[in-house]
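Listed below, chain by chain, are the residues.
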Amino acid sequence: MYSGSVSRIIDFQIVSAKIYSTTMSNTGKSSIMIKADEVAENNDAVILSFRATHLDKKDVVGKSDPFLEFFKESTNADEWYKVHTTEVVKNTLKPTWKPFSIPVVDLCSGNLDKRIKVLCFDHDEASAPDLIGEFYSTARQMIETDNRQVEWECINPKKKAKKKSYKNSGTIFLTESRVKRQYTFLDYIFGGIQINFTAAIDFTGSNGDPREPTSLHYISETTPNEYIKAIMAVGQVIQDYDTDKLFPALGFGAKIPPNNEVSHEFAINFNPSNPFCAGVMGIVSAYQNCVRQVQLWGPTNVSPVINHVARFAETAKQNPTPNVQQYFVLLVLTDGVITDMYETRKAIVKASHLPMSIIIIGVGEADFSDMQKLDGDDGILKSPSGEPAVRDIVQFVPFRDFKNSSPAALTKCVLAEVPKQLSQYFDMQEMPPLNRKF
């Protein structure tokens, strides 16, 4: 734990302090360094395209495998922050790198005259990359190009110091520079976007007999169970962005009346033609009624409810309602390991192309390690066929981490990624907010 004031960090710009634990005796041996950087308000992003010619040959066999690293200048002299790395282009001395988009605040903290350093490296599989050369510029020089190609000599400082005849290690060209507005979650909210919330609840047998107090589905007269707490925590925030406040609520993994057949996609109010519940309390009421009427069963198949919501998201994408933008949020509450992981990965990758986010809350004390794989924080999720998700749309949170926390802490964690996922989707579709007043 570090205790200090924001003003101290801003005043000194760099603060180094020891880290102490409130629970462990062996503390104070680690330290943290916090740096402050002034950022000007700017919602723009810049799309940049680079190529190079006549780069130095670095590989004994073959040519070079060049890539670029971009750094912005710190408020302290000779300190630089890395802001972007391009892909490696294999075996060439005249690479063309893929265009990339970077927020202006990331590139230069919103200050167009802040210096930018660009390093060109040769990638090595078995060792550290070799420096080919470098050049310096500013964001203004990269952004205000008047549609002209801009070029810089790529200079290797060591070679320049050793050889009087040294000229350069190649030339790097900025072939395209385009600025576009980056819209935020609030921009879309103010533009009138409709967020459609759906809850999906696990009714598998591993939850335990609902009549027993040890069951995760036990309905107490005094204390809400974890399913109800999670529904309330997420739903009470989401419902403020839904105009009619009517939410579909689904169940999976139970035998349902009247035929006592197993279903992995049923309306918990038992009305498939109208699965909507009035507000969050309507979901809670339907859930409490449902758990008394179904027989908990299995297995834990999640892909049907994902595909259910994806169908509506697909319709909204392909046949949009005039003057209406829609986004779909699916909350999945489950107590255990997903049985249909193969189908679930496939469903999530497909849904990543749609206006949709998925929140998974793990209820109980099960091993949720497989769930973490669905959350793209540790790498890009791929379908069983190898197709990558085009964006991260899943947020997984184990409820047990918030048992002793306030409902607000759970809500903040669960909904942390949805605003970014929403704005990222519409940015990829090049769809600005409707009814803009900015």
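Everything here concerns the structure above.
Just so it is clear, the model here is predicted, and its values are computed rather than measured.

Student: Describe the sheet that holds strand 5 (residues 80–85), listing the residues and the values that go with them.
Tutor: If you trace the four strands from one edge of the open sheet to the other, you get 5-4-7-8, paired in antiparallel fashion. In this open sheet, the two edge strands, each paired with only one partner strand, are strand 5 and strand 8 (130–138). Averaged over all adjacent pairs, the angle separating strand axes in this sheet is 25 degrees, with direction ignored. Sheet topology note: the strand 4 (residues 66–73)/strand 7 (residues 115–122) ladder contains seven bridges and is antiparallel. Counterpart to F70 in the pairing with strand 7 is V118.

Student: So, the pattern of salt bridges: which residues are in play, and what are the values?
Tutor: A complete count under the given rule lists 15 salt bridges for this structure. Among the salt bridges present, the one from D56 reaches K159, with a minimum N-O distance of 2.7 Å. With D56 in the loop between strand 3 (44–53) and strand 4 and K159 in helix 4 (residues 157–162), this pair connects stretches of sequence that are 103 residues apart. Among the residues examined, D56 registers a relative accessible area of 15% and is labelled buried. A salt bridge links E176 to R178, with the nearest nitrogen and oxygen atoms 3.9 Å apart. For E176, a relative accessible area of 38% corresponds to the partly exposed category.

Student: Residues and numbers for the side chain of E69, please.
Tutor: When you line up the elements, E69 lands in strand 4. What makes E69 buried here is its relative accessible area of 12%. A polar contact is formed between the side chain of E69 and the side chain of K82, at a distance of 3.2 Å. Excluding residues that lie within four positions of it along the chain, E69 makes contacts with K82, H84, T85, K117, V118, L119 and F121.

Student: Hey, could you go over the packing of helix 8 (residues 303–318) against helix 9 (residues 341–351) for me, with residue numbers and the actual values?
Tutor: Between helix 8 and helix 9, the least distance of the axes is 9 Å, while the angle of their chain directions is 20 degrees. By the angle between their directions, the pair helix 8 and helix 9 is classed as roughly parallel. Helix 8 and helix 9 meet at a crossing whose hand is left-handed. Across the interface between the two elements, S303, I306 and N307 from helix 8 touch E343, T344, A347 and I348 from helix 9. The class makeup of the residues in the contact of helix 8 with helix 9 is three nonpolar, three polar and one charged.

Conventions and cut-offs
- Residues numbered from 1 in each chain as written.
- Predicted model: local features only at pLDDT ≥ 70, side-chain atom pairs only at ≥ 80, totals over all residues.
- Heavy atoms only, no water.
- Pairing = 2+ DSSP bridges.
- Helix = DSSP H or I, 4+ residues; strand = E, 2+ residues; numbered from the N terminus.
- Axes fitted to C-alpha atoms, helices over the stretch in contact; angles between N-to-C directions.
- Salt bridge = Lys/Arg side-chain N within 4 Å of Asp/Glu carboxyl O.
- Buried < 20%, exposed > 50% of the residue type's maximum accessible area, 1.4 Å probe, protein only.
- Polar contact = N/O pair within 3.5 Å; in protein donor to acceptor, adjacent residues only side chain to side chain.
- Contact = heavy atoms within 4.5 Å.
- Parallel < 35°, antiparallel > 145°, perpendicular 65-115°, else oblique.
- Left-handed = near helix turned anticlockwise from the far one by under 90°.
- Nonpolar A, V, L, I, M, F, W, Y, C, P; charged D, E, K, R; others polar.

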